Amino acid sequence: MHRPSRRHLTLAAATVVTAAAVAATTSAGAVDGAGQARSAIKGGTAKNVILLIGDGMGDSETTLARDYTVGADGRLNLDTFPLTGAYTTYAVHADGTPDYVTDSAASGTGWATGHKTVNGRVSKTPGTDKAVPTILELAQRNGYATGSVTTAELTDATPAVLASHATDRSCQGPADMAKCPADTIAAGGPGSIAEQSVNHKVDVLLGGGKARFDQKVTEGAFKGMTVTEQARKLGYQVVTDTTGLKNAKPGKPVLGLFASGNVPTEWSGKAAATGGTAPQRCVTANPGRPAATPSLADSATKAIQLLEAKQKRSKKGFFLQIEGASIDKRDHAADPCGQIGETAAFDRAVKVARDYAAKHPDTLVVTTADHGHTSQIVPLEATPPGLSATLVTDEGQQLKVNYSTNTPGQSQEHTGTQVRIAAQGPQAYRVLGVTDQTDLFTTVREALRLR
């Protein structure tokens, strides 16, 4: 008896979920939910891929932001994709056995290379510590423009997995190489993550981490220069604020360094505390964030413009990764307002990507998280261990959030849960069901026909 292929089964499953997907998109105000679903199931080749990563944005983090900002019955931009699935996030030990809770370096390596690795390693194998080609490197080889946008340091784990290979994620600048002796230029290696990122000549790099790029190169052709000077030598336009970003021109690569470290968060408020907090409203401003700091949505918009302009005369398009990094960082700090504000900022970047795809249906847009995190919405009457805070949502209701994955005073931890993945456009059907992070690499590779 003929047995249907996995592809046919997947397409059949996609047909079954179409009605639900269409209903979801239509109820959330989509103009053409049926058209989106049909297009997403159709398959085909993409000209462009926009991959949006909410770092630490598990289902609890998404639900918390939804409840607070648009209400329990509302929908975020990231909620209204036509096709949705889930993927597993585990890392591995050096012998290949599962490590059930991943960090961002190992999880990012999964979708960047299609291979799992040990926690802390950047796009290198788990046992032999060998570099593995990344999706960005393959895109470059095949003539695509490439970009990476983040609210973290550009040398942090998630952006690092695209344009560098390092034994340890801590090896961010030339002065940070203690855990990567074989990766140093002196040892014949590629150098720090910062050096590799600009040496790769990624067309658009926007984020924080200026202090890493201000470190001096110690060996090789650029010895004595800072990495920022190295970037200029390689042809980069270097910008540091909203005005500089606005004035960046197509034709030369762009390096945006908008903060010394991580880009400051958009919102502020009282952190969770032992025994809870009094009900609070979040402050939708952060006095520690300079006014000239571009939002993630602004950076995403400019990145798309620059990448599209570069490829104007080419049949090839672009690959762009956009990361909302501090959802994770504020979750570690048990800071619900900072976390919600960064999720809302990420959601606005999702809208930028989807608005572009609406005009360019040959664009695959994928949104997902790299791992789950600690925050949990609990009953108001609960007295959970650890840290908790009570918020007054935009609906005027109280909501309690708890952080209990580590002892109070310690950094809260990632969790090993599967996380959501959603998509629209060519090859989007591949996210249906329960897949693994390494399958996302294949989805992007197949969409762009990278070889």
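The structure displayed is predicted, hence computed values, not measured ones. (Residues numbered from 1 in each chain as written. Predicted model: local features only at pLDDT ≥ 70, side-chain atom pairs only at ≥ 80, totals over all residues. Heavy atoms only, no water.)

Concerning the overall build of the chain
Alright, step 1. The helix and strand inventory of the chain stands at 14 helices and 16 strands.
Alright, step 2. Its C-alpha radius of gyration of 21 Å places the chain within 12% of the 22 Å reference for a compact globule of 451 residues.
Alright, step 3. Reported as C-alpha extents along the three principal axes, the dimensions of the chain are approximately 60 × 60 × 50 Å.
Alright, step 4. By the burial criterion, 58% of the 451 residues in the chain qualify as buried.
Alright, step 5. For the chain, contacts bridging at least 24 residues in sequence account for 72% of all contacts bridging at least 6.
Alright, step 6. As displayed, the chain offers around 17,800 Å² of accessible surface, 53% of which is attributable to carbon and sulfur atoms.
Alright, step 7. Mean positive and mean negative side-chain charge positions of the chain (46 and 42 charges, respectively) differ by 9 Å. (Helix = DSSP H or I, 4+ residues; strand = E, 2+ residues; numbered from the N terminus. Rg over C-alpha atoms; globule rule 2.2 N^0.38 Å. Buried < 20%, exposed > 50% of the residue type's maximum accessible area, 1.4 Å probe, protein only. Contact = heavy atoms within 4.5 Å. Areas by Shrake-Rupley, 256 points an atom, 1.4 Å probe, with all protein chains shown as cover. Lys, Arg positive; Asp, Glu negative; His and termini not counted. Charge placed at Lys NZ, Arg CZ, Asp CG, Glu CD.)

A closer look at the pairing of strand 5 (residues 145-153)
Alright, step 1. Within strand 5, nine of the nine residues are buried, which leaves the element mostly enclosed by the surrounding structure.
Alright, step 2. Relative to strand 10 (residues 318-324), strand 5 runs parallel, the two sharing six bridges. Across the sheet, residue Ser-148 finds its bridge partner in strand 10, namely Gln-321.
Alright, step 3. One ladder, built from four bridges, connects strand 5 with strand 6 (residues 204-208); its direction is parallel. Within strand 6, the residue paired with Glu-153 across the bridge is Gly-208. (Pairing = 2+ DSSP bridges.)

Re the sheet that holds strand 1 (residues 48-54)
Alright, step 1. Within the open sheet, the ten strands sit side by side as 7-8-6-5-10-1-11-15-2-16. Their pairing is mixed. The strands lining the two open edges of the sheet, one partner per strand, are strand 7 (237-239) and strand 16 (434-436). This sheet shows a mean twist of 20° between the axes of neighbouring strands, independent of strand direction.
Alright, step 2. With six bridges joining them, strand 1 and strand 10 adopt parallel strand pairing. Opposite Leu-52, over in strand 10, you have Ile-322 as the bridge partner. (Axes fitted to C-alpha atoms, helices over the stretch in contact; angles between N-to-C directions.)

What about the packing of helix 4 (residues 104-113) against helix 14 (residues 437-448)?
Alright, step 1. Packing of helix 4 against helix 14 leaves a shortest axis separation of 6 Å and a crossing angle of 30°. Taken as axis vectors, helix 4 and helix 14 run roughly parallel relative to one another. You can see that helix 4 and helix 14 cross each other, and the crossing is right-handed. Taking contact as the criterion, the partners of Ser-107, Gly-110, Trp-111, Ala-112 and Thr-113 in helix 4 are, on helix 14, Gln-437, Thr-438, Leu-440 and Phe-441.
Alright, step 2. Taken together, the residues that form the contact of helix 4 with helix 14 break down as four nonpolar, five polar and no charged. (Parallel < 35°, antiparallel > 145°, perpendicular 65-115°, else oblique. Left-handed = near helix turned anticlockwise from the far one by under 90°. Nonpolar A, V, L, I, M, F, W, Y, C, P; charged D, E, K, R; others polar.)

Regarding the state of the cysteines
Alright, step 1. Per the stated rule, a full pass over the model turns up two disulfides.
Alright, step 2. At a sulfur-sulfur separation of 2.0 Å, the disulfide partner of Cys-171 is Cys-180. On the S-S bond that ties Cys-171 to Cys-180, the torsion sits near 95°, and the link is right-handed.
Alright, step 3. Sulfur-sulfur distance for the disulfide between Cys-282 and Cys-337 comes to 2.1 Å. Between Cys-282 and Cys-337, the disulfide has an S-S torsion of -80° and is therefore left-handed. Of this pair, Cys-282 sits in the loop between strand 9 (273-274) and helix 11 (296-310) while Cys-337 is found in helix 13 (residues 336-359), placing the two residues 55 residues apart along the sequence.
Alright, step 4. Here the cysteine-cysteine linkages of the chain are recorded as 1-2, 3-4, numbering only bonded cysteines and doing so in sequence order. (Disulfide = S-S within 2.5 Å.)

So, helix 11
Alright, step 1. In a regular helix each residue adds 1.5 Å, so 15 residues correspond to 21 Å; helix 11 covers 21 Å between its end C-alpha atoms and thus fits that length.
Alright, step 2. Looking at helix 11, one finds that the buried residues are Leu-296, Ala-297, Ser-299, Ala-300, Lys-302, Ala-303, Ile-304, Leu-306 and Leu-307. (Expected span 1.5 Å × (residues − 1).)

Description of a nonpolar patch on the surface
Alright, step 1. Together, Tyr-90, Tyr-100 and Val-101 line one region of the surface with nonpolar side chains, adding up to about 310 Å² of accessible area.
Alright, step 2. You can see Tyr-90 is positioned in the loop between strand 2 (83-88) and strand 3 (91-92). (Patch = residues over 30% accessible without salt bridge, like charges linked within 9 Å, V, L, I, M, F, W, Y side chains within 5 Å. Salt bridge = Lys/Arg side-chain N within 4 Å of Asp/Glu carboxyl O.)

What to know about unusual backbone geometry
Alright, step 1. With a phi close to 55°, Ala-334 is a non-glycine residue in the positive phi region.
Alright, step 2. Looking at where Ala-334 falls in the secondary structure, it is placed in the loop between helix 12 (326-332) and helix 13.
Alright, step 3. By relative accessible area, Ala-334 is classed as buried at 1%.

Let's talk about the side chain of Gln-437
Alright, step 1. Inspection of the secondary structure assignment puts Gln-437 in helix 14.
Alright, step 2. In contact with Gln-437, not counting residues within four places along its chain, are Tyr-87, Thr-88, Thr-89, Ser-107, Gly-110, Trp-111, Ala-369 and Asp-370.

As for the sheet that holds strand 13 (residues 387-392)
Alright, step 1. Spatially, 9-13-14-12 is the arrangement adopted by the four strands of the open sheet, whose pairing is antiparallel. Of all the strands in the sheet, the pair left with one neighbour each is strand 9 and strand 12 (376-378).
Alright, step 2. Sheet topology note: the strand 12/strand 14 (residues 398-403) ladder contains three bridges and is antiparallel. Bridge pairing links Val-378 to Lys-400 in strand 14.
Alright, step 3. The strands touched by helix 13 are strand 13 and strand 14; relative to strand 13, the strand with the most contacts, the crossing angle is about 60°.

Describing the nonpolar core
Alright, step 1. Counting residues in each nonpolar core, the largest one holds 91 residues, and the members touching the most others are Ile-50, Leu-52, Leu-255, Phe-319, Leu-320 and Ile-322.
Alright, step 2. Once you skip the residues sitting within four places of it in the chain, Phe-319 turns out to touch Val-49, Leu-51, Ile-135, Leu-136, Ala-139, Ala-145, Thr-146, Gly-147, Leu-162, Leu-307, Val-444 and Leu-448. (Core = buried A, V, L, I, M, F, W, Y, C linked by side-chain atoms within 4.5 Å.)

Let's talk about the environment of Gln-140
Alright, step 1. If you trace the backbone, Gln-140 turns up in helix 5 (residues 135-141).
Alright, step 2. Each C-alpha atom, one on Gln-140 and one on Leu-450, is 9.6 Å from the other, the two residues being 310 residues apart in sequence.
Alright, step 3. For Gln-140, the contacting residues outside a window of four places in its chain are Thr-146, His-200, Lys-201 and Val-202.

Topic: the confidence of the model for the chain
Alright, step 1. Here the chain averages 92 in pLDDT, while 91% of its residues score no lower than 70.
Alright, step 2. pLDDT under 50 marks residues 1-31. Its contacts with residues more than four places away, or in other chains, come to 27 contacts. (pLDDT = per-residue confidence, 0-100.)

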